[in-house]
Amino acid sequence: MTCQLTAPWDAVLQIADVVVDGHRWATLVGMYGLTVDSSGNSCGHVDHSVSTLIRTIEPLLHSDRGDRVVVAGDMNLWPKDVSYKFDRIGLIDLIECTGNDRDQLDRCANCQGDPQCRHMWTHKNGNSPNATVQQIDFIFATEELGIELIEVRGGIADFPDAWDITDHAPVVATFS
Ligand SMILES: [Zn+2]
């Protein structure tokens, strides 16, 4: 079964099969939450674009590639505003599900001091010492890949020199 997807904006979706020993290991989707409204005009939030992009990739999840899919990227949203949208289409938040592997993120903007917080600081929001501590980068995967997950590392805690290079710290998932 073929599956043709049409991205609603340029440079917001990159999709590729990862082939290992001649077999497709998984299909990777790079996604970027664009701050545009339904008319395509620039606005201050990504609610419209991320929901639209999720709808765009849903046929992939229902195709013959749908069992092994990873979606990763800068969603420009905090976890409470985005993880449930992926949960609805059956994708697991790999940072959330490996939360026991890391400590509470101090000053997490998403969690406001909740001791249960296990997010990563992935985005440097300016140079102020009071800059927002926030995770806006994610990796989601289908259940079949979730079973093969070994660990997830990321954020400035795991990549302490990341912000010498860019304002985003990496998030890396390792599978068996
Ligand atoms: Zn948090």
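Here the structure is a predicted model, which is why all the values come from computation and not from measurement.

**Description of the overall build of the protein**
Helix and strand content of the protein: five helices and nine strands. Its C-alpha atoms put the protein at 50 × 45 × 30 Å along the principal axes. Counting only residues that meet the buried cut, the protein has 28% of its 176 residues in that class. Considering only residue pairs separated by 6 or more positions, the protein has 62% of its internal contacts joining residues 24 or more positions apart.

**Structural notes on the packing of helix H1 (residues 47-61) against helix H2 (residues 79-87)**
Direction vectors running N to C along H1 and H2 enclose 15°, while the axes themselves pass 11 Å from each other. Relative to H2, H1 is oriented roughly parallel. Crossing of H1 against H2: the hand is right-handed. Taking contact as the criterion, the partners of Val 50, Ser 51 and Ile 54 in H1 are, on H2, Val 82, Lys 85 and Phe 86.

**Notes on the environment of Glu 151**
Mapping Glu 151 onto the fold places it in strand E8 (residues 149-154). Taking the C-alpha atoms as reference points, Glu 151 and Ile 57, 94 residues apart in sequence, are found 25 Å from one another. Once residues within four sequence positions are removed from consideration, Glu 151 is found in contact with Thr 98, Asp 101 and Thr 174.

**Details of the nonpolar core**
With 33 residues, the main nonpolar core has Val 70, Val 71, Met 75, Ile 139 and Ala 141 as its most contacted residues. Elements that contribute at least two residues to this core include exactly strand E2 (23-32), H1, strand E3 (69-74), helix H3 (94-97), strand E7 (137-141) and strand E9 (171-175). Beyond its immediate stretch of four places on either side in the chain, Ala 141 contacts Val 69, Val 70, Leu 91, Ile 92, Leu 94 and Gly 146.

**Some details on the pairing of E2**
Examined bridge by bridge, strand E1 (residues 13-20) and E2 share eight bridges and lie antiparallel to one another. The residue bridging Gln 14 from the neighbouring strand is Gly 30, located in E2. Taking the residues that link successive antiparallel strands as the turn, the E1-E2 hairpin has two residues, and the phi of Asp 21 there is positive, at about 50°. Two elements, E2 and E3, share six bridges in a ladder whose sense is parallel.

**Observations regarding the environment of Gly 146**
Mapping Gly 146 onto the fold places it in helix H4 (residues 143-147). Here Gly 146 falls in the partly exposed class, since 17 other C-beta atoms lie within 10 Å of it. C-alpha of Gly 146 to C-alpha of Pro 79: the two residues are 67 residues apart in sequence and 18 Å apart in space. If we skip the residues at most four places from it in the chain, Gly 146 touches Ile 92, Cys 97 and Ala 141.

Conventions and cut-offs
- Residues numbered from 1 in each chain as written.
- Predicted model: local features only at pLDDT ≥ 70, side-chain atom pairs only at ≥ 80, totals over all residues.
- Helix = DSSP H or I, 4+ residues; strand = E, 2+ residues; numbered from the N terminus.
- Buried ≥ 20, exposed ≤ 12 C-beta atoms within 10 Å, placed from the backbone.
- Contact = placed C-beta atoms within 7 Å.
- Axes fitted to C-alpha atoms, helices over the stretch in contact; angles between N-to-C directions.
- Parallel < 35°, antiparallel > 145°, perpendicular 65-115°, else oblique.
- Left-handed = near helix turned anticlockwise from the far one by under 90°.
- Core = buried A, V, L, I, M, F, W, Y, C linked by C-beta atoms within 7 Å.
- Pairing = 2+ DSSP bridges.

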